[in-house]
Amino acid sequence: SIISNPVSIEDVQIPSWRIMPNPVKDLVMIQTSRSLKQGTYSVKIFDSAGKLWYDVEKEMLPFHKMEIPVPHIPSGIYWLQLRRADQFFQEKFIKE
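Per chain, residues are indexed from 1 in the order of the written sequence. Under the rules for a predicted model, residues below a pLDDT of 70 receive no local features and side-chain atom pairs below 80 are neither given nor counted, while totals for whole chains, interfaces and linings still include all residues. To obtain the side-chain values, all non-hydrogen atoms of the structure were included, while hydrogens and water were left out.

1. A few points about the overall build of the protein
Now for step 1: Numbering of helices and strands starts at the N terminus; helices are DSSP runs of H or I of at least 4 residues and strands are runs of E of at least 2. Per the secondary structure count, the protein includes zero helices and seven strands.
Now for step 2: The classification of residues rests on relative accessible area computed with a 1.4 Å probe and restricted to protein chains. Under 20% of the type maximum is buried, over 50% is exposed, and intermediate values are partly exposed. Counting only residues that meet the buried cut, the protein has 33% of its 96 residues in that class.
Now for step 3: Any two residues whose heavy atoms approach within 4.5 Å are treated as being in contact. The long-range fraction of contacts in the protein, counting pairs at least 24 apart against all pairs at least 6 apart in sequence, stands at 53%.

So, in structure tokens, the structure goes:
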């Protein structure tokens, strides 16, 4: 088969942030990249059943590290969300 519309460089998105380490123990570290827009973000952690475990507004900058203490969260699979008016990111992590 022939590809008639190859993917252009504009179609490739660089992740704006990542969770470190994954899996986590007592601390979630968010590392942002240059593609994250500076501003105030809603930072939330949900479990797989949809229960909200963490909810805070934080000023986020490109090339920034943010730590979230999570010793109170039981072991399991969680979703961390960063949201502002024009950007939404979600990433899964495992809590040991």
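2. Describing a nonpolar patch on the surface
Now for step 1: A cluster of nonpolar residues, Ile77, Trp79 and Ile94, forms a patch on the protein surface that exposes about 250 Å² of accessible area.
Now for step 2: Structurally, the position occupied by Ile94 is in strand β7 (residues 87-95).
Now for step 3: You can call Ile94 partly exposed: its relative accessible area is 42%. In this scheme, patches are assembled from residues that exceed 30% relative accessible area and form no salt bridge. Like charges are connected within 9 Å, while nonpolar side chains (Val, Leu, Ile, Met, Phe, Trp, Tyr) are connected within 5 Å. For every accessible area listed, the method is Shrake-Rupley and the probe measures 1.4 Å; residues are considered covered only by the protein chains on display. Just to be clear on terms, a salt bridge is a Lys or Arg side-chain nitrogen sitting within 4 Å of an Asp or Glu carboxyl oxygen.

3. As for the sheet that holds strand β5 (residues 65-69)
Now for step 1: An order of β1-β2-β5 is seen for the three strands of this open sheet, with the pairing classed as antiparallel. Looking at the sheet topology across the chains shown, the edges are occupied by β1 (17-20) and β5. Averaged over all pairs of adjacent strands, the angle between their axes in this sheet comes to 20 degrees, without regard to strand direction.
Now for step 2: When DSSP finds at least two bridges between two strands, those strands are taken to pair. Sheet analysis places β1 next to strand β2 (residues 27-32), joined by four bridges and oriented antiparallel. Bridge assignment links Met20 to a residue of β2, and that residue is Met29. Axis lines are fitted to C-alpha atoms, over the contacting stretch for helices. Their N-to-C directions set the angle, which ranges from 0 to 180 degrees.

4. Some remarks on the packing of aromatic side chains
Now for step 1: Pairing of aromatic rings covers Phe, Tyr and Trp, the last through its six-membered ring, and needs centres within 6.5 Å; plane angles under 30 degrees mean stacked, over 60 mean edge-to-face, and all others mean tilted. Scanning the entire structure with this criterion turns up two aromatic pairs.
Now for step 2: Ring geometry for Trp53 against Tyr78: centres 6.4 Å apart, planes inclined by 85 degrees, an arrangement best described as edge-to-face. Of the two residues, Trp53 sits in strand β4 (residues 52-60) while Tyr78 sits in strand β6 (residues 76-84), which places them 25 residues apart along the sequence.
Now for step 3: According to the relative accessible area criterion, Trp53 is partly exposed, its value standing at 22%.
Now for step 4: With a centroid separation of 5.7 Å and 25 degrees between ring planes, the pair formed by Tyr78 and Phe93 is classed as stacked. Within this pair, whereas Tyr78 is found in strand β6, its partner Phe93 is found in strand β7, the two being separated by 15 residues in sequence.
Now for step 5: Across the ring face of Trp53, the terminal group of Lys51 is positioned such that the distance to the ring centre comes to 4.1 Å. Each ring is checked for a lysine NZ or an arginine CZ that lies within 6 Å of its centre and within 35 degrees of its normal; such an atom marks a charge sitting over the ring.

5. Quick look at the sheet that holds β6
Now for step 1: Ordered by their spatial adjacency, four strands build an open sheet running β4-β3-β6-β7, and the pairing between neighbours is antiparallel. On the outer flanks of this sheet lie β4 and β7, each paired with one strand and no other. Taken over all neighbouring pairs, the strand axes of this sheet differ in orientation by 20 degrees on average, direction set aside.
Now for step 2: Summarising the sheet, β6 and β7 pair through nine bridges and their orientation is antiparallel. Along β7, the bridge assignment pairs Leu82 with Phe89.

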